[in-house]
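So the chains spell out like this:
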Amino acid sequence: MIIPELTVVVPTFNERPNIRPLVTALEKALSGMAWEVIFVDDDSPDGTSAEVHALAREKANVRCLRRLRRRGLSSACLEGMLASSAPCIAILDGDLQHDETLLPAMVETLQRDKLDLVVGCQARERHDPLAHGPWTTRLLSALLKVPVCDPLSGFFVVTRDFLERAVPNLAIMGFRILLDLLTAVKGPVRLAEYPYTRRERHAGTSTLDPGGTLELLLLLLEKWFRHYVPLRFLMFVSMGSIGALLHLAVMGLLLLRLEMPFWISQSVAATLAMTLNFTLNNRFTFRDHRLRGWGFLRGLLIYYGACSIGTVISVLVGDFLYEQSVVWWLAGFLGAVVASVWNFTTTATFSWNSRPASGGNG
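Residues numbered from 1 in each chain as written. Predicted model: local features only at pLDDT ≥ 70, side-chain atom pairs only at ≥ 80, totals over all residues. Heavy atoms only, no water.

This paragraph deals with the overall build of the protein chain. Within the protein chain, the regular secondary structure consists of twelve helices and seven strands. Going through the 362 residues of the protein chain one by one, you find that 49% of them count as buried. If you sum the accessible surface of the protein chain, you get close to 17,500 Å²; carbon and sulfur atoms cover 63% of it. (Helix = DSSP H or I, 4+ residues; strand = E, 2+ residues; numbered from the N terminus. Buried < 20%, exposed > 50% of the residue type's maximum accessible area, 1.4 Å probe, protein only. Areas by Shrake-Rupley, 256 points an atom, 1.4 Å probe, with all protein chains shown as cover.)

Moving on, we get to unusual backbone geometry. Its identity as a non-glycine residue notwithstanding, D43 has a phi of 55 degrees, on the positive side. With respect to the secondary-structure elements, D43 resides in the loop between β2 (35-41) and α2 (48-56). Residue class for D43 comes out partly exposed when judged on its relative accessible area of 28%. Here the phi dihedral of K114 falls at roughly 50 degrees; this positive angle occurs in a residue that is not glycine.

This next bit is on a nonpolar patch on the surface. A surface patch of nonpolar side chains, amounting to about 380 Å² of accessible area, comprises W294, L297 and L301. Relative to the helices and strands, L301 resides in helix α11 (residues 294-323). (Patch = residues over 30% accessible without salt bridge, like charges linked within 9 Å, V, L, I, M, F, W, Y side chains within 5 Å. Salt bridge = Lys/Arg side-chain N within 4 Å of Asp/Glu carboxyl O.)

A few words now on the packing of helix α1 (residues 19-29) against α2. In the contact formed by α1 and α2, the axes pass within 10 Å of each other and the chain directions differ by 45 degrees. Viewed along their axes, α1 and α2 adopt a mutual orientation that is oblique. Contacts from I19, R20 and V23 in α1 reach T48, E51, V52, A54 and L55 in α2. Counted by class, the contact of α1 with α2 contains five nonpolar, one polar and two charged residues. (Axes fitted to C-alpha atoms, helices over the stretch in contact; angles between N-to-C directions. Parallel < 35°, antiparallel > 145°, perpendicular 65-115°, else oblique. Contact = heavy atoms within 4.5 Å. Nonpolar A, V, L, I, M, F, W, Y, C, P; charged D, E, K, R; others polar.)

Next up on the list: the confidence of the model for the protein chain. Confidence in the prediction for the protein chain averages 79 pLDDT; 78% of positions are at 70 or higher. Low pLDDT (under 50) marks residues 125-133, which in the prediction has 21 contacts with non-local residues, meaning those over four places away or in another chain. A low-confidence stretch, residues 356-362 stays under pLDDT 50, and its non-local contacts, those more than four residues away or across chains, total 30 contacts. (pLDDT = per-residue confidence, 0-100.)

Counted by the stated rule, this structure contains four aromatic pairs. Relative to Y196, the ring of F155 has its centre 5.3 Å away and its plane inclined at 85 degrees; by these criteria the two rings are edge-to-face. Of this pair, F155 sits in the loop between α5 (135-143) and β6 (156-159) while Y196 sits in strand β7 (residues 191-196), and the two are 41 residues apart along the sequence. Considered together, F155 and Y196 belong to a single accessibility category, that of buried residues. Cluster of aromatic residues (ring-pair linked, three or more members): F278, F296 and Y303. (Phe/Tyr/Trp six-rings, centres within 6.5 Å; stacked < 30°, edge-to-face > 60°.)

Our next topic: the nonpolar core. One broad rule of soluble globular proteins: the nonpolar side chains tend to lie buried together. Formed by 31 residues in total, the largest nonpolar core has its most connected members in L6, V8, L26, V37, F39, L103 and V157. Mapped onto this core, the elements with two or more residues apiece are β1 (6-12), α1, β2, α2, β3 (62-66), β4 (88-91), α4 (103-112) and β7. Discounting chain neighbours no more than four positions away, the residues touching L103 are V8, L26, L30, A90, F155 and V157. Counting 26 residues, the second-largest nonpolar core is a separate cluster that includes L117, V119, F156 and A184. (Core = buried A, V, L, I, M, F, W, Y, C linked by side-chain atoms within 4.5 Å.)

What follows is about α4. Restricting attention to buried positions, one finds in α4 the residues L103, M106, V107, T109 and L110. Angular distribution of buried residues about the axis of α4 spans 160 degrees; they occupy a single face of the element. Check the buried side of α4 and you find it contacts β1, α1, β4, β5 (117-122), β6 and β7. K114 occupies a position one or two residues after α4 and carries a positive phi of about 50 degrees. (Arc of directions from axis to C-beta.)

Turning our attention to the sheet that holds β2. Reading across from one edge, β3-β2-β1-β4-β6-β5-β7 is the order of the seven strands in this open sheet, with mixed pairing throughout. Strand pairing shows two members of the sheet lacking a second neighbour, β3 and β7, which therefore form its edges. Across the sheet, the axes of successive neighbouring strands diverge by a mean angle of 20 degrees, strand direction being ignored. Together, β1, β2 and β3 form the strand contacts of α1, whose direction differs from that of β2 by roughly 160 degrees. Seen against the sheet, helix α3 (residues 73-82) touches β1, β2, β3, β4 and β6 and runs at an angle of roughly 150 degrees to β1. (Pairing = 2+ DSSP bridges.)

If you trace the backbone, I313 turns up in helix α11. Classification of I313 as partly exposed rests on a relative accessible area of 21%. Distance from I313 to V338, taken between C-alpha atoms, is 7.5 Å for residues 25 residues apart in sequence. Beyond its immediate chain neighbours, meaning those up to four positions away, I313 contacts V338 and W342.

Okay, the pattern of salt bridges next. Throughout the structure, instances matching the rule amount to 13 salt bridges. Two residues, E108 and R112, come together in a salt bridge whose shortest N-O distance is 3.9 Å. In this pair, E108 and R112 both sit in helix α4, four residues apart, roughly one turn of the helix. With a relative accessible area of 52%, R112 lands in the exposed category. The closest approach of N and O atoms between D116 and R165, which form a salt bridge, is 3.7 Å. Within this pair, whereas D116 is found in the loop between α4 and β5, its partner R165 is found in helix α6 (residues 160-166), the two being separated by 49 residues in sequence. Each of R16, R20, E51 and E58 takes part in salt bridges that share partners, so that together they form one network.

Printed below as a string of structure tokens:
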């Protein structure tokens, strides 16, 4: 049995037409090297995993990991990397936009210079990352301990040793695995960069989620808090803040402007706020467990119940602290914090069937 020198991990969702062309391209680019490719498929409805399994019966160096009821690029990449025993691991998109012909040179540089990472970045951003590209890339490049042209790149090669050092501190959530790796290790990161020209997508459509910008900012906050506050919880609280603003606005309209009874104003405002919170959390916080159809309705009803109990907990805790001579605003705040932890834990477990104790590996 030949141990691969390189494992190429390809996260996929609806990439069936790209599977065989990508493997053919890898065979040409990696000729003479012991390698394997692991496709990590998020249960694509177009039959991507079936196509990979069919190809795996023809080629021993093709493998498939099919994930059920889970989504998320970072967690898919991580599962693929951890399933490999190779000393070098590459991450590559399944749409043929990345230049696989650079992989041998990237691996050679990684090994020769004893680096942790070799990152592929688009050629137009190579020379001055602070003057080009989206504002998020510029901001993150400035904040990272190590300068890198594109900390959001989905094309890089990493050593197994570096991966094992990073694993305990990974958030494992969302679509930014390279940024997660770069911020997960203590001490300097040794890396090099390879410019490449991004190709047009071969087939299919992009699945990049617009919630990525919020996720990036919260990921940095989580790293700053050193994982004492999980990324999912930060996002949950952020969505709750938006709902709180809606609650106050509706209360003000119904109670002060329309002069409706307090209990009606409060009930309508709370229901609308909870509905908005659930919708936002479903879209962003738990997007790797996103509910649709009847699952959305069931999750919403569970969310109503959990948050109603959370409201009672908030009142009881706040009232108890206030009776113990805690200043009113601090008592109210601490009650809200306890209620938020309750709401997050119960809704994550029962509405989205997630694991609230972690950053969320989806």
